[in-house]
Amino acid sequence: MTTTPVTYPTGALIDGQWITSATSFPVINPATGKEIARVPNLGAKETQDAVDAASRALGAWSAKPAKDRSIVLRRWFDLITANTEPLAQLMTAEQGKPLSEARGEVAYGASFVEWFAEEGKRAYGRTIPTTVASRRYITIKQPIGVVAAITPWNFPIAMITRKVASALAAGCTIIVKPAEDTPLCALAVAKLALDAGVPPGVFNVVTTMDAPAVGKVLTDDARVRKLTFTGSTAVGKALYRQCADTVKKLTLELGGNAPLLIFDDANLDQAVAGAMASKYRNAGQTCVCANRILVQSGIYDRFAAALVAAVEKLHVAPGTDARCTIGPLINADAIAKVEALSADAIAKGAKVMTGGTVNAAGPLFYQPTVISGVTRDMDIVREEIFGPVAALMRFETEADAIALANDTPFGLAAYLFSQNLSRAWRVAEKLEAGMVGVNDGIFSNEVVPFGGVKQSGLGREGAAEGLDEYLETKFICLGAIDA
Ligand code: NAP
């Protein structure tokens, strides 16, 4: 039964056409458990059609002057911005986040389109001083070609625009496979891209319940020159292997295990505000959420008490409730994971200071939780929690904090709170992470490079670096130049 009006397409998009299929799958509102819409369940054949379409469209799109592509992207930005409210409603319906956060994500997602509309005009090459009198050396930047994008459910618009806008600005064409849980936002922004003048075949969206089959076509086809993936490290590693035979360029935005360090010399209010922002946004379902909150002994008790007081003010409710600050988790597996990690920590001696149960709002709502006395033998410090549970660990010295923070195969985001500038700089340099927030719990935006080190991924999105990921550098040698 359909319970939320969907004013955007529910067909998949291939070669500018909205297509249906013999089988479909439901999109479920996690707050109510009800079906919102059904979308086509496409397979290998349709994915091949999408690659064919993107290959056909590549020549004309890549040949357009960057300024012409920029005008189309700018129109896309304007349309997304003008549709903020219906897009936010759709996002809350299929993903669950509070409407205020959904509006924020629409703006965040649109910001990448605006940024890359401009940045595409700056794909500069170089002239290089010669080594031989009769030669001149030049480099030019060219689009890498057809791109495949596979995206997660936690940011159903921003994870798509961050990839599509940079690829299109560079002159590439793209096939997007959105997450099974959140295909509607992907289809909505794709429709707005068509309305903005993106030509048929340049931006294709393949919806499916069979991610491995679609992923195999996208990784096996030699015409796909790049894969950009955001999701779990396990799936990212499998796709990395699958891309080896055709030697594709890769951007991998994978899982994290962010440490958030609070030193005795931190400003307590800033530390609590930063921890709240980093930990509880999107009900704890972001790759940059503080997974381990490491607190120095001298401030530990005061910080824990202040954090609990702030957490107890959060309001758990469906995202459409104006008071909501914590919506539902995405599905039953997410609840099971949070419960298992909490149970393991408690069995090994940690204590629940607040929360620790499912909320009465429904089976996918989890009470915001603080667990103290967490130690390194607990699963909760090794695995991504991906839920509204803060795990507090105690440390004594700066060296201990750095060692604990880096004791993970992941390296996406890290945070530190200290009023001592020397310490802040010193520790930021030593943290093994692609991004470090100093006295700040949320820092991602379109003008700065987003990405991780170690097993959190390869490459960067956003910023000038994000455009370069979709470009090849060609060296041209002009020989036989007369004196
Ligand atoms: P996921 O299970 O890895 O899924 C991500 C995408 O990969 C989905 O579209 C999924 O399709 C698809 N997929 C799954 N198996 C596949 C296969 N064998 N071949 C091809 N595609 C496949 O991750 P998730 O649960 O959606 O997202 C949460 C994870 O994403 C967390 O680990 C989080 O840290 C990470 N994340 C990272 C960033 C970053 O920028 N570093 C940002 C956001 C999220 P289905 O939906 O159909 O399964």
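Residues numbered from 1 in each chain as written. Predicted model: local features only at pLDDT ≥ 70, side-chain atom pairs only at ≥ 80, totals over all residues. Heavy atoms only, no water.

Asks: Help me understand the domain arrangement of the protein chain in this model?
Replies: How big an interface is tends to be expressed through the accessible area that disappears when the partners come together. Once the domains are mapped, the protein chain shows domain 1 (12–254 + 456–475) and domain 2 (258–445). Taking the mean C-alpha position of each, domain 1 and domain 2 sit 31 Å from one another. At the junction of the two partners, domain 1 supplies 22 residues and domain 2 supplies 25 residues. When domain 1 packs against domain 2, the two sides together hide about 1,800 Å² of surface, and 58% of this comes from carbon and sulfur. Ranking the residues of domain 1 by area buried against domain 2 places P30, W153 and S456 at the top, with a combined share of 26%. For the interface between domain 1 and domain 2, the tally reads zero salt bridges. Connecting domain 1 to domain 2 are eight residue pairs in polar contact (both at pLDDT 80 or more). Broken down by secondary-structure element, the contributors of at least two residues to the side of domain 1 that touches domain 2 are α3 (84–95) and α4 (99–119). (Domains from an automatic or database assignment. Contact = heavy atoms within 4.5 Å. Buried area = accessible area lost by both parts, 1.4 Å probe. Salt bridge = Lys/Arg side-chain N within 4 Å of Asp/Glu carboxyl O. Polar contact = N/O pair within 3.5 Å; in protein donor to acceptor, adjacent residues only side chain to side chain. Helix = DSSP H or I, 4+ residues; strand = E, 2+ residues; numbered from the N terminus.)

Asks: Is there a simple way to explain the sheet that holds strand β22 (residues 471–478) in this structure?
Replies: Pairing between the strands of a sheet comes from backbone hydrogen bonds, and it takes one of two forms, parallel or antiparallel. What the three strands build is an open sheet, ordered β5-β6-β22; its pairing is antiparallel. Of all strands in the sheet, those bounded by a partner on one side alone are β5 (126–128) and β22. Strand-to-strand twist in this sheet, taken as the mean axis angle between neighbours without regard to direction, amounts to 25°. Pairing of β5 with strand β6 (residues 136–143), which is carried by three bridges, proceeds in the antiparallel orientation. Within the sheet, the bridge partner assigned to R126 lies in β6 and is T139. (Pairing = 2+ DSSP bridges. Axes fitted to C-alpha atoms, helices over the stretch in contact; angles between N-to-C directions.)

Asks: What is the right way to look at the site of the ligand in this model?
Replies: Looking at the ligand, there are 29 residues lining it, with T151, E180, S232, L254 and E384 nearest. A distance of 2.8 Å is found between a nitrogen atom of the ligand and a backbone nitrogen or oxygen belonging to L254. Bound to the protein, the ligand loses 86% of the 910 Å² it would expose on its own. The pocket occupied by the ligand, as judged from atoms lying within 2 Å of grid points, is the largest pocket. (Near = heavy atom within 4 Å. Areas by Shrake-Rupley, 256 points an atom, 1.4 Å probe, with all protein chains shown as cover. 1 Å grid on protein atoms, 1.4 Å probe; cavity = no way out; pocket = protein on both sides within 12 Å on 5 of 7 lines; lining within 4 Å. Sits in = over half its atoms within 2 Å of the grid points.)

Asks: Before we go on, may I ask you to explain the layout of surface pockets in this structure?
Replies: Using a probe with the size of a water molecule, rolled over the atoms, empty space left in the structure can be pinpointed. One number sums up the size of the largest pocket: a volume of about 1,200 Å³. The wall of the largest pocket is formed by 47 residues, among which P152, W153, G231, S232 and V235 lie closest to the centre. It is helix α8 (residues 233–242) that contributes the most residues to the lining of the largest pocket, five residues altogether. Within the lining of the largest pocket, the residues separate by chemical class into 25 nonpolar, twelve polar and ten charged. Of the volumes computed, that of the second largest pocket is approximately 170 Å³. Together, K97, E101, G104, E105, Y108, F155, R281, I442 and S444 line the second largest pocket. Taken together, the residues of the lining of the second largest pocket break down into three nonpolar, two polar and four charged. Shared between two domains, the lining of the second largest pocket takes at least three residues from each, and those domains are domain 1 (12–254 + 456–475) and domain 2 (258–445). (Points joined across faces, edges and corners; volume = space filled by probe spheres on them. Nonpolar A, V, L, I, M, F, W, Y, C, P; charged D, E, K, R; others polar.)

Asks: Honestly, the packing of aromatic side chains in this entry has me stumped. Any pointers?
Replies: Think of a pair of aromatic rings as described by two things: how far the centres are apart, and how the planes are tilted against each other in angle. Counting across every chain of the model gives six aromatic pairs. With a centroid separation of 5.0 Å and 70° between ring planes, the pair formed by Y108 and F112 is classed as edge-to-face. Residue Y108 and its partner F112 are located together in helix α4, separated by four residues, close to a single helical turn. The class of Y108 is buried, set by a relative accessible area of 17%. Pairing Y415 with F443 gives two aromatic rings, centres 5.6 Å apart and planes at 35°, and the pair type is tilted. Taken as a pair, Y415 in strand β18 (residues 413–417) and F443 in the loop between β19 (435–438) and β20 (453–454) lie far apart in primary sequence, 28 residues in all. For Y415, a relative accessible area of 1% puts it in the buried group. Between R162 and the ring centre of F450, over which it is positioned, the NZ or CZ distance is 4.1 Å. The side chain of R394 reaches across the aromatic face of Y300, ending 4.1 Å from its centre. (Phe/Tyr/Trp six-rings, centres within 6.5 Å; stacked < 30°, edge-to-face > 60°. Buried < 20%, exposed > 50% of the residue type's maximum accessible area, 1.4 Å probe, protein only. Lys NZ or Arg CZ within 6 Å of the ring centre and 35° of its normal.)

Asks: Before we go on, may I ask you to explain the sheet that holds strand β13 (residues 290–296) in this structure?
Replies: Pairing in this open sheet of seven strands is mixed, and the strands run β14-β15-β16-β13-β12-β18-β19 from one edge to the other. Where the open sheet ends on each side, the last strands, each with one partner, are β14 (351–354) and β19. Mean inter-strand twist for the sheet, computed between neighbouring axes without regard to direction, equals 25°. With five bridges connecting them, strand β12 (residues 258–262) and β13 associate as parallel partners. When the sheet's bridge partners are listed, P259 is paired in β13 with R292.

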